[in-house]
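The primary structure of each chain is shown beneath.
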Amino acid sequence: MLPPYAQTLGIEIAPGDDAILLTMPFGQALTGRPGWLHGGAIGGLLEMAAIVAVRQALEDDGGGQIKPINVTVDYMRGGRDKPTYARGVVTRLGGRVANVEATAWQDDPAKPIAAARMNYLIARA
């Protein structure tokens with residue numbers, strides 16, 4: 001279900017009650033400055049969470065292909081040397097475009113380290 005890039009980041013899927021939870025363990029390959037998570041790894045985790053959310057929503061409608069239109073990431077605080085979690089939520093699933101919000105956190109979901117808004121072009125099956 002995850003693209004190959006997710007394997008590079010070490011992302012794992014854990015099904016949740018409402019939305020799928022992604023976990024990214026901290027590793028030296030994901031380090032920006034010593035002891036801190038690289039912003040690109042955080043952005044990649046957010047993108048993977050959005051992709052999983054859209055694919056899950058499309059599965060309920062019979063499947064389809066997606067292509068990113070745009071991505072906006074807001075970095076709120078630095079990611080430390082610990083596991084990082086993310087969830088994506090489809091806020092609108094239209095006929096041709098899906099709008100998705102994704103959030104990443106470490107200790108507390110109420111204190112995100114980053115959030116993203118993404119739009120995807122949809123080609124339904």
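Coordinates for the structure precede this section.
Just so it is clear, the structure is predicted and the values come from calculations on it, not from any experiment.

Conventions and cut-offs
- Residues numbered from 1 in each chain as written.
- Predicted model: local features only at pLDDT ≥ 70, side-chain atom pairs only at ≥ 80, totals over all residues.
- Heavy atoms only, no water.
- Pairing = 2+ DSSP bridges.
- Helix = DSSP H or I, 4+ residues; strand = E, 2+ residues; numbered from the N terminus.
- Phe/Tyr/Trp six-rings, centres within 6.5 Å; stacked < 30°, edge-to-face > 60°.
- Lys NZ or Arg CZ within 6 Å of the ring centre and 35° of its normal.
- Axes fitted to C-alpha atoms, helices over the stretch in contact; angles between N-to-C directions.

> Just give me the short version of the pairing of strand β5 (residues 97-105), but keep the residues and values in it.
Bridging between strand β4 (residues 84-93) and β5 involves eight bridges; their strand directions are antiparallel. Paired with R92 across the bridge in β5 is N99. Linking β4 back to β5 in an antiparallel pair, the connection comprises three residues. For β5 and strand β6 (residues 114-124), the ladder comprises eight bridges, and the chain directions are antiparallel. Looking across to β6, one finds that V97 is bridged to L121.

> Give a detailed account of the packing of aromatic side chains, specifying residues and quantitative values.
Within the structure shown, the criterion is met by one aromatic pair. Across the ring face of W36, the terminal group of R33 is positioned such that the distance to the ring centre comes to 4.5 Å. The ring centre of W36 lies 4.1 Å from the NZ or CZ of R80, which sits over that ring.

> Now, about the sheet that holds strand β1 (residues 12-14): what can you tell me, with residues and values included?
The antiparallel open sheet is built from six strands, whose spatial order is β1-β2-β4-β5-β6-β3. Each edge of the sheet is formed by a strand with only one pairing partner; in this case those strands are β1 and β3 (64-75). Across the sheet, the mean angle separating the axes of adjacent strands is 25° when strand polarity is ignored. As defined by bridge partners, β1 adjoins strand β2 (residues 21-24) across three bridges and the pair is classed as antiparallel. Looking at β2, one finds that I13 is bridged to L22.

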